[in-house]
Amino acid sequence: MEIFLQQVMTGLANGGIYASLALALVMIYHSTNHLNFAQGEMAMFSTYIAWTLINAGLPYWVAFVITLAVSFAGGVVIERVVVRPFEDAPVLNAVIVFIGLLVIFNSLAGWIWTYDIKQFPTPFGDHPVQLGNIFFRAHDFGAIGVTLFVLLVLWAFFRFTPLGLAMRASAENPVSARLVGIRVGWMLALGWGLAALIGAVAGMMVAPVLFLDPSLMSGVLIYSFAAALFGGISSPGGSVFGGFFVGVAEVLSGTYVPFIGNDLKLIVALIIIIGVLLVRPSGLFGKVSVSRV
Amino acid sequence: MSALLSVQGLQAFYGQTRALHGLDFQVEESGITTLLGANGAGKTTTLRAVCGLVRTQGTIEFAGQRIDGKSTEDIVRMGIAHVVEGRGTFVNFSVEENLRLGAHTRKDKAAVHDDLEQVYSYFPVLRQRRAQQAGTLSGGEQQMLAISRALMLRPRLLLLDEPSFGLAPLIVEEIFQILATINRESRVSMLVVEQNASLALGLADHAFLLETGNVVMSGAAEEIRQNDAVRQSYLGY
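Calculation criteria
- Residues numbered from 1 in each chain as written.
- Chains lettered and ligands numbered in written order.
- Predicted model: local features only at pLDDT ≥ 70, side-chain atom pairs only at ≥ 80, totals over all residues.
- Heavy atoms only, no water.
- Helix = DSSP H or I, 4+ residues; strand = E, 2+ residues; numbered from the N terminus.
- Buried < 20%, exposed > 50% of the residue type's maximum accessible area, 1.4 Å probe, protein only.
- Areas by Shrake-Rupley, 256 points an atom, 1.4 Å probe, with all protein chains shown as cover.
- Lys, Arg positive; Asp, Glu negative; His and termini not counted.
- Charge placed at Lys NZ, Arg CZ, Asp CG, Glu CD.
- Rg over C-alpha atoms; globule rule 2.2 N^0.38 Å.
- Salt bridge = Lys/Arg side-chain N within 4 Å of Asp/Glu carboxyl O.
- Contact = heavy atoms within 4.5 Å.
- Buried area = accessible area lost by both parts, 1.4 Å probe.
- Nonpolar A, V, L, I, M, F, W, Y, C, P; charged D, E, K, R; others polar.
- Phe/Tyr/Trp six-rings, centres within 6.5 Å; stacked < 30°, edge-to-face > 60°.
- Core = buried A, V, L, I, M, F, W, Y, C linked by side-chain atoms within 4.5 Å.
- pLDDT = per-residue confidence, 0-100.
- Pairing = 2+ DSSP bridges.
- Axes fitted to C-alpha atoms, helices over the stretch in contact; angles between N-to-C directions.

**Student:** I would appreciate a short explanation of the overall build of chain A in the present structure.
**Tutor:** From N to C terminus, chain A includes eleven helices and two strands. When the helices and strands of chain A are placed in sequence order, the string is α-α-α-α-β-β-α-α-α-α-α-α-α. Put simply, chain A has 293 residues, and 52% of those count as buried. Carbon and sulfur atoms make up 72% of the accessible area of chain A, which amounts to about 13,600 Å² in all. Within chain A, the 12 negative side-chain charges are centred at a point lying 16 Å from the centre of the 12 positive side-chain charges.

**Student:** Please explain the overall build of chain B as it appears in this structure.
**Tutor:** Each helix and strand in chain B was counted, giving ten helices and ten strands. At 17 Å, chain B has a C-alpha radius of gyration in line with the 18 Å of a compact globule built from 237 residues. For the C-alpha atoms alone, the extent of chain B along its principal axes is close to 45 × 40 × 35 Å. Expressed as a percentage of the 237 residues in chain B, the buried residues total 54%. Approximately 10,000 Å² of chain B is accessible, and the part contributed by carbon and sulfur atoms is 46%. Taken as two groups, the 22 positive and 26 negative side-chain charges of chain B have centres that lie 6 Å from each other.

**Student:** Even after reading the chapter, I still don't get the side chain of Glu41(A), so can you show me in this structure?
**Tutor:** All names here are of chain A. Tracing the chain through its elements places Glu41 in helix 2 (residues 39-55). No salt bridge forms around the buried Glu41; measuring N to O, its nearest opposite-charge neighbour Lys118 is 14 Å away. Contacts of Glu41, omitting those with residues within four sequence positions, involve Leu102, Phe105, Asn106, Pro214, Met217 and Ser218.

**Student:** Explain the interface of chain A and chain B here, please?
**Tutor:** The accessible area lost on association of the parts is a frequent measure of interface size. At the interface, 18 residues of chain A touch 24 residues of chain B. Taken together, both faces of the contact between chain A and chain B bury some 1,900 Å²; the carbon and sulfur share is 58%. On the chain A side of the contact with chain B, Glu172(A), Leu179(A) and Val180(A) bury the most area, a combined 35% of that side's loss. Between the two partners, chain A and chain B, sit four salt bridges. One salt bridge connects Arg159(A) with Glu97(B), and the closest N-O pair in it is separated by 3.5 Å. Contributions of two or more residues to the side of chain A that touches chain B are made by helix 6 (162-172) and helix 7 (174-179) of chain A. Classifying every residue of the side of chain A that touches chain B by side-chain character gives nine nonpolar, three polar and six charged.

**Student:** Any chance you could explain the packing of aromatic side chains here in plain terms?
**Tutor:** Two numbers describe a pair of aromatic rings. These are the distance of the centres and the angle of the planes. All names here are of chain A. According to the stated counting rule, one finds 18 aromatic pairs over all chains in the structure shown. Centroid distance Phe241 to Phe285: 5.6 Å. Interplanar angle 90 degrees. Geometry classified as edge-to-face. One end of the pair, Phe241, is in helix 10 (residues 236-256); the other, Phe285, is in the segment after helix 11 (265-279), and 44 residues separate them in sequence. For Phe241, a relative accessible area of 40% corresponds to the partly exposed category. Among the aromatic residues, those joined into a ring-pair cluster are Phe45, Tyr48, Phe105 and Trp113.

**Student:** Can you walk me through the nonpolar core in this structure?
**Tutor:** Among soluble globular proteins, nonpolar side chains are generally buried collectively. Membership of the largest hydrophobic core comes to 87 residues, with the highest contact counts inside it found for Phe64(A), Phe120(A), Ile182(A), Met204(A), Met205(A) and Met217(A). Looking at this core element by element, the count peaks at 15 residues for helix 8 (residues 184-210) of chain A. When near neighbours in sequence (up to four residues on either side) are disregarded, Ile182(A) contacts Ala166(A), Ala169(A), Ser170(A), Ala177(A), Met187(A), Glu73(B), Leu101(B) and His104(B). Ranked by size, the runner-up nonpolar core spans 68 residues in total, among them Leu53(B), Ala150(B), Leu158(B) and Val192(B).

**Student:** It is not clear to me how the confidence of the model for chain B should be interpreted in this structure. Could you clarify?
**Tutor:** A residue-level look at chain B finds 99% of positions with pLDDT of 70 or above and a mean pLDDT of 90. For this predicted complex, the interface score ipTM comes out at 0.90, alongside a pTM of 0.87.

**Student:** What should I look at first to understand unusual backbone geometry in this one?
**Tutor:** For residues other than glycine, phi is negative in most cases, and the peptide bonds are mostly trans. All names here are of chain B. Unlike most non-glycine residues, Ala63 shows phi in positive territory, near 50 degrees. Mapped onto the fold, Ala63 is located in the loop between strand 4 (55-62) and strand 5 (65-66). Despite not being glycine, Arg87 shows a phi value in the positive range, around 80 degrees. Inspection of the secondary structure puts Arg87 in the loop between strand 6 (80-83) and helix 3 (95-102). Under the relative-accessibility criterion, Arg87 is labelled buried at 13%.

**Student:** Would you explain the environment of Leu158(B) in this entry?
**Tutor:** All names here are of chain B. Take Leu158: it is sitting in strand 7 (residues 157-161). A relative accessible area of 0% places Leu158 in the buried class. Taking the C-alpha atoms as reference, Leu158 lies 19 Å from Thr59; in sequence the two are 99 residues apart. Excluding residues that lie within four positions of it along the chain, Leu158 makes contacts with Ala81, Val83, Ala150, Leu151, Val188, Ser189, Met190 and Leu191.

**Student:** For this particular structure, what's the right way to read the sheet that holds strand 1 (residues 3-14) of chain B?
**Tutor:** Picture the strands of a sheet paired through backbone hydrogen bonds; they go either parallel or antiparallel. All names here are of chain B. An order of 2-1-4-5 is seen for the four strands of this open sheet, with the pairing classed as antiparallel. Of all strands in the sheet, those with a lone pairing partner are strand 2 (17-28) and strand 5, marking the two edges. Note that strand 1 and strand 4 share seven bridges and pair antiparallel. Bridge pairing in strand 4 places Gln11 opposite Gln57. Packed onto the sheet, helix 1 (residues 43-50) meets strand 1, strand 2 and strand 4 and runs at close to 110 degrees relative to strand 1.

Okay, here's the thing in C-alpha cells:
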C-alpha cells in the first residue's frame, strides 16, 4: 500500500509535467490546428537557459523568472518570424517547419552546451518528506505545486481577463474576432509565447529528475501527446487531466506489470495514443470535429 | 448630407476570379443605404470588400480617409462594424461575453457599461439570456446578439449582411423595426444587404441594385420601389 501511494505520488509529479506540455500543445492546436512537434525541444532549450543562469550564480527563483520571460519572448518571436509565413499553408508544410524547429533546437543545444548530461538543481531540496509512515520526495510535491499554480494562473487569465477573452475568441472564430477589432495575428503570437512559457516550467520541473541533456524532452513529448489525445486535443482542461492520468498509468504499469518494467514504459504512451485514435479520436473531453467538404 | 462611405471603381477578387467589376456607391452620414440583388450579384462580397476581408482594387473612402488596403482590424477600429451573414457569434461564449468582445477596442469603460444597458433595452430577451451560451440561442436571438455586438463598438457605420436570413417573418419585422429605431436614435449609418427587397426598401432611404458585380440602378429607396423593372424582378407584383 505504501509503495502504491509513493508510486501514485511520483506518477502525479510526472503527470504534472505531461499536463503542462500537453496544455502547451493544445493551446497552439486550438488556435491554429497545428501540432507543434518542437514544443518539447523549445522547453529543453529554455531549461538550458535556466541552467546557464543558475550556474552564473543567480538564485534559483530569479533564474526561474528570467527563463520564463525569455521563453515567452522567444515563443512570440518564433511565431512572428518562422511560423507566421506558413499560417495558411497546407498541414504538411507546417509539420515540416515544426520538425525543422525540433532538429534546430536539438542541434543548437548540443552545439552550445554539449551533449554531456548535466545536473539540474531542485529548489525544494533532496530530503524526503514524511507523511504518516510513507516517504515522498520533496521535489515531487514541489513540482506538483508549481504545476498546479501555473495552470491555475493560466485558467484565471483565460477566464477573467479581457486579453484572455480576446485570445479565446481568436481561437474560436478568427474572422469574427478580426471584425470586433482583435488583432488575431498577435493573439496567435501571444499563444506561442504562453505555450513556450508553460513548456519552460515543465522543463525546469522535470530536469532534476531526468537530468539535463538535449534529449531531455523527447520522451516527455510522447507522453504529452498521449495526454493531450487522451483528454481531448480540443480541450485544455481535458489535456491537463490526461497528463496526470498518463503520469500515474506510466508509473504504475512500470511497477506492477512485470514485463513492462522501466524499459518498456514508453510503450504505455504509444498504446494510449493508438487506443484513443482507434476508439475515441476526440479524446475523453474533446469535441468531435466535423468539417464539411 | 455628405457621404460617410464613398466607393469608386471597386473590384474584388477571390483568387484569380473577379467578383466585382467596378462598383460606385455611397452611404450618406446617418442614412440607411441598401444593396439589392439576386444570389451571386456580389452583395456579400461588397461588404467583405469594405471590411478588407477580400482582395480589392479601387478606392474606398470612409469619413474622408482611404481605407482600401488597410487591415480588417484597423478598419473596424475606425468605426465600421460588420454583422456577417450567418451572424458569426462566438458560439461557445456567453451572451454577455460576446457583447464585451464587441467593445474589445474601446477604453471608455463607463460608456461601455451604458451601451450594454442600451442594447439590452433594444433587445430585452438578450438580458434574460445574458449568461447563456450564444450557440444555444434561437436564430432570431443570435441575429439580435450579432447586431448588439456590432453596436457595442459604437460604430459610425454598421454593415448588415442579410439580417433576415433564415428567420421567421415576425422576428424579421421586429428586428427591422429596431434597426430603424437605432438609426433614428443613435444616428449610426447603415449599409444593408438584403434579398428581401421590399423589407430593405422599407427601411432604407437609398438603394443600389447589383447585378453580377455591377451597379445597374441607384436612387432614393422610394423611386426604386416604384420602378417597374424592380417591382417585377425583385418585389414580385
